[in-house]
Amino acid sequence: MKKIIMQHYTGEIQGLAKLSIENISEYAKKIGSEYRLITGNVFHSNLSPPCQKMHMLNEIFDSYDVVVMMDTDMFKTKNVNLSIFEDTNGVGICTKDQKKVFQMFRKKHPNLANIKHPYFGGCIWRMDLNLRQTLRKHLVEDEILKFNCSFEDEAIFHRLATRAGITECKVLEEMWGYGSYYPNLGEQAIVHIRTKISENNKFSKRTKMENYIEIKNRGII
């Protein structure tokens, strides 16, 4: 299997993004995968940075059997021995949070949303060659421009899957993009750093860097 992990970033790379890139490129090496950092507006010049992750659909990556795209606030856990390529075949994560977002998406774009087709979170995408080739056949510029700074890559994927008639798509286990405010972080594969924290069954917020440092100091990442 020819495989690659990619991350995308727009702007000067520093702070948490720099740390994530170092961490995930190390993970790629550990599991025998290529790694590539994608920068700038490579998918569409008029779309926001998260949308640029859909560059993974580009035919220049057709030599890869599986392409994985991760956000630059993702970190492998210290003891992870699983491969995103060999130990799962899911495409994207769909938790209760994504289901809430999809409800909002349906209200804003009732003519572009369809409950029969998958809607996943955008922190991590894992797509095989057939899926990538199928989705890109259905790109319609006027539609994807509607998702600029609004639902972004998640909406683009949903719309392409809808146009392609894809009704079943394997859900990626939550351990591959596990929210940093949840318990049992050390048992996960990839932690997604969020601003939210949970204390005494109540949620509050602090910076992602503060949360990263706290989790790092606990020896989890």
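Our structure is the block above this text.
All residue numbers refer to position in the chain's written sequence, counted from 1. Two thresholds apply to this predicted model, a pLDDT of at least 70 for residue-level local features and 80 or more for giving and counting side-chain atom pairs, whereas whole-chain, interface and lining totals are computed over all residues. As a rule here, side-chain values come from all non-hydrogen atoms in the structure, and water together with hydrogens is ignored.

Enquirer: Is there a simple way to explain unusual backbone geometry in this structure?
Expert: With glycine set apart, most residues show a phi of negative sign, and most peptide bonds adopt trans. Its identity as a non-glycine residue notwithstanding, Phe151 has a phi of 75°, on the positive side. For the purposes of this entry, the term helix denotes a DSSP run of H or I that reaches at least four residues, the term strand denotes a run of E that reaches at least two, and both are numbered from the N terminus. With respect to the helices, strands and loops of the structure, Phe151 is situated in the loop between α4 (141–144) and α5 (152–164). Even without glycine at this site, Glu152 takes up a positive phi of about 50°. Note on placement: Glu152 falls in helix α5.

Enquirer: Explain the sheet that holds strand β6 (residues 178–179) to me, please; I cannot follow it from the model alone.
Expert: Spatially, β4-β7-β6 is the arrangement adopted by the 3 strands of the open sheet, whose pairing is mixed. For this open sheet the edge positions go to β4 (74–76) and β6, each flanked by a neighbour on one side alone. Alignment of β4 against strand β7 (residues 190–192), held across 3 bridges, turns out to be antiparallel. The residue bridging Met74 from the neighbouring strand is His192, located in β7. Where helix α1 (residues 15–30) meets the sheet, it contacts β4 and β7, and its direction lies at approximately 40° from that of β4. Two strands pair if DSSP finds at least two bridges between them. Residues are treated as being in contact if the distance between any of their heavy atoms lies within 4.5 Å. Comment: axis = line fitted to C-alpha atoms, over the contacting stretch for helices; angle = value between 0 and 180 degrees taken between N-to-C directions.

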